Amino acid sequence: MAPRDRGAAEPAGRRELLSAGDVARTVARMAHQVIERTALDVSDATPVVLLGIPTRGAPLASRLAARVAEFSGVHVPTGVLDVTLYRDDLRRKPTRPLGTTELPPDGVDDRLVILVDDVLYSGRTIRAALDALRDAGRPRAVQLAVLVDRGHRELPIRADYVGKNVPTSRTEEVHVQLQETDGRDAVLLQRKGDPA
Amino acid sequence: MKHLLATDGLDADTATAVLDTAEELKHVLLGREVKKLPTLRGRTVVTMFYEASTRTRVSFEIAGKWMSADVINVSASGSSVGKGESLRDTALTLAAAGADCVIVRHPASGAAHRLAGWLTEAGTSVVNAGDGTHEHPTQALLDAATLRERLGDIAGRRIAIVGDVLHSRVARSNVHLLTTLGAEVVLVAPPTLLPAHVDRWPVTVSHTLDAELPGLDAVMMLRVQAERMHGGFFPSAREYSIAYGLSEARLRALPEHAVVLHPGPMLRGMEIASAVADSQRAAITQQVANGVHVRMAVLYHLLAHEEEVA
């Protein structure tokens, strides 16, 4: 593999953590891990549901499901779970528009739900997602898959599947870009407040 | 958004954001066993009704409760209003007691604006739930939500508002909101039931319902407000009904896709025939259902954000 000059095309102060190729390989690896851990291709396995958290968790969940289908032949239902109404910081920010919630037709009852998000940081989004999920039904178990874990947890929450662990400072921001939402695939690290 | 006092001056982006939120809330709660969201936990909402109301008060109360706010109802009878307390003092009392939002219905036009002036300093939001013959913005928003559901979009649609426009806050709020959202509004009423400066409104005016029917995407029937009429506005109820009532024959003259709305309470046989009100074309119960989601959305946009610096 040719050495890559990371960040060469990025403006000053911004560093590319994952290239488009890295994102694809990372999602593929996570799909393999999901198949291995959940044994979803075994006949009596608990049925798995992938729920993406908007904005970028939603396309990630679809990609993960496509990879899982490709590697195992099992088509896992996907959905979207918006957590805005369950956030604990609504009164600290301007009005947030609601995202879409789209649960699979058979719901989440007695399924193994894997929540999918782009970046795991404080853990508060996942806390909100667990509350939202409780109102949506009663899964058998809940797991968490994230493309990037950047640390600095404020709650006792950890991910079951991590694409990449990135030690960061609180003065930095991690931006995941996806073809579906941003026109390209990349994970970028930059100083807080710099234009994205 | 700090207050919701009128649709006059409400910009298209804000109105659309509220309608989008309402649509999403409806979608989220659809088919759910427990219709409860934790979003407004710990917020206190007071409804203050100085005029009779069933659907608006109940709808606001349900909306608040489904968002987990604490909802307290104050009516003019049974409160200190009966002892002669002024609107201002009652409002300041409620704000001092910890109300985050006051929802007010009052027979005087402009009451909600006055209230907002007194309560802004206390940080309390005000929602106008109908002030005299002025505005009823949440009714217009729920009508718009229903029209979006039934017709797909509002821009470019031709919508008639028929009947007692003069006394109708619903008509005023709808004229402003629907035209802001790009609809073409035609008012159909006898000259005696049109306001004096209707020529300054962004609408066309007609006195003949039958001529308008074939070109409409929606028709909104208004209640004849006998309680606000002091004098002869039309010769008889029967004559009014013949000229401006939505009969079955008139329903047939509407295009196939056109929707019939009525803000309620309806006077069956007066402005709308009973069979028309119960037909598939009428969206009257859908309007009531949407009322809850729209009011949840309004409370969300008023209360679920950081304090705005006034």
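Under the annotation held in an unreviewed UniProt entry, chain B carries the name Aspartate carbamoyltransferase and is attributed to Actinophytocola gossypii. Under Catalytic activity (unreviewed entry), UniProt gives the following word-for-word description of chain B: "carbamoyl phosphate + L-aspartate = N-carbamoyl-L-aspartate + phosphate + H(+)".

Draft legend 1. Region of interest: the overall build of chain A. Counting its secondary structure elements, chain A contains 4 helices and 8 strands. On C-alpha atoms alone, chain A measures out to a radius of gyration of 17 Å, which is about the 16 Å that the 2.2 N^0.38 rule sets for 196 residues. Reported as C-alpha extents along the three principal axes, the dimensions of chain A are approximately 50 × 50 × 30 Å. Counting every position in chain A, which comprises 196 residues, the buried fraction comes to 36%. Within chain A, contacts between residues at least 6 apart in sequence are counted, and of these 67% link residues at least 24 apart.

Draft legend 2. Highlighting helix 3 (residues 124-136) of chain A. All names here are of chain A. In this model, helix 3 (13 residues) spans 18 Å end to end at C-alpha, consistent with the 18 Å of a helix rising 1.5 Å per residue. Among the residues making up helix 3, those that are buried are Thr-125, Ile-126, Ala-128, Ala-129, Ala-132, Leu-133 and Ala-136. Seen from one end, helix 3 has its buried residues packed into an arc of 155°, which puts them on one side. One or two positions beyond helix 3, positive phi appears at Gly-137, with a value near 160°.

Draft legend 3. Spotlight on the UniProt feature "binding site: L-aspartate" (unreviewed entry) in chain B. Residue and element names in this part refer to chain B. Under the UniProt annotation, the feature "binding site: L-aspartate" (unreviewed entry) is placed at Lys-83, Arg-169 and Arg-223. Across 141 residues, the annotated set is spatially dispersed, with a maximum C-alpha separation of 32.3 Å. Among the structural elements, Lys-83 can be located in the loop between strand 2 (70-75) and helix 3 (87-96). Along the chain, Arg-169 falls in helix 6 (residues 169-180). With residues up to four places along the chain from it excluded, the contact list for Arg-169 reads Gly-130, Asp-131, Gly-132, Thr-133, His-134, Glu-135 and His-136.

Draft legend 4. Summary view of the interface of chain A and chain B. Every contact between the two is made by 14 residues of chain A and, on the other side, 14 residues of chain B. When the residues that make up the side of chain A that touches chain B are grouped by side-chain class, the tally is 6 nonpolar, 3 polar and 5 charged.

Draft legend 5. Region of interest: the nonpolar core. Formed by 147 residues in total, the largest nonpolar core has its most connected members in Leu-64 of chain A together with Val-102, Ile-161, Val-162, Val-219 and Leu-299 of chain B. Element by element, the count of residues in this core is highest for helix 11 (residues 284-303) of chain B, at 9 residues. Leaving out residues up to four positions away in the same chain, Val-219 of chain B has contacts with Ala-160, Val-162, Leu-246, Leu-254, Ala-258 and Val-260 of chain B.

Draft legend 6. Expanded view of the domain arrangement of chain B. Residue and element names in this part refer to chain B. Assigned domains within chain B: domain 1 (12-134 + 288-303) and domain 2 (137-285). The C-alpha centroid of domain 2 is placed 26 Å from the C-alpha centroid of domain 1. With 22 residues of domain 1 at the contact, the number on the domain 2 side is 18 residues. Of all the secondary-structure elements, those providing two or more residues to the side of domain 1 that touches domain 2 are helix 1 (12-29), strand 4 (125-131) and helix 11. Of all the elements, helix 11 adds the most residues to the side of domain 1 that touches domain 2, at 7 residues. Along the lines of polarity and charge, the residues of the side of domain 1 that touches domain 2 split into 11 nonpolar, 7 polar and 4 charged.

Draft legend 7. Up close: the sheet that holds strand 8 (residues 186-191) of chain A. Residue and element names in this part refer to chain A. As summarised here, the arrangement of the 3 strands in space is 1-8-7, forming an open sheet in which the pairing is antiparallel. Strands at the two margins of the open sheet, each flanked by one partner only, are strand 1 (14-18) and strand 7 (172-177). Ignoring strand direction, the axes of neighbouring strands in this sheet form an average angle of 25°.

Draft legend 8. Looking closely at the packing of helix 5 (residues 137-151) of chain B against helix 11 of chain B. All names here are of chain B. For the pair helix 5 and helix 11, interaxial distance at closest approach is 8 Å and the crossing angle is 115°. Viewed along their axes, helix 5 and helix 11 form a crossing whose handedness is right-handed. Touching Thr-138, Leu-141, Leu-142, Asp-143, Ala-145 and Thr-146 of helix 5 are Gln-286, Gln-287, Asn-290, Gly-291, Val-294, Arg-295 and Val-298, all from helix 11. Looking at the contact of helix 5 with helix 11 residue by residue, the classes come out as 5 nonpolar, 6 polar and 2 charged.

The rules we used
- Residues numbered from 1 in each chain as written.
- Chains lettered and ligands numbered in written order.
- Predicted model: local features only at pLDDT ≥ 70, side-chain atom pairs only at ≥ 80, totals over all residues.
- UniProt positions renumbered as here; feature names shortened; annotations may be inferred.
- Helix = DSSP H or I, 4+ residues; strand = E, 2+ residues; numbered from the N terminus.
- Rg over C-alpha atoms; globule rule 2.2 N^0.38 Å.
- Buried ≥ 20, exposed ≤ 12 C-beta atoms within 10 Å, placed from the backbone.
- Contact = placed C-beta atoms within 7 Å.
- Expected span 1.5 Å × (residues − 1).
- Arc of directions from axis to C-beta.
- Nonpolar A, V, L, I, M, F, W, Y, C, P; charged D, E, K, R; others polar.
- Core = buried A, V, L, I, M, F, W, Y, C linked by C-beta atoms within 7 Å.
- Domains from an automatic or database assignment.
- Pairing = 2+ DSSP bridges.
- Axes fitted to C-alpha atoms, helices over the stretch in contact; angles between N-to-C directions.
- Left-handed = near helix turned anticlockwise from the far one by under 90°.

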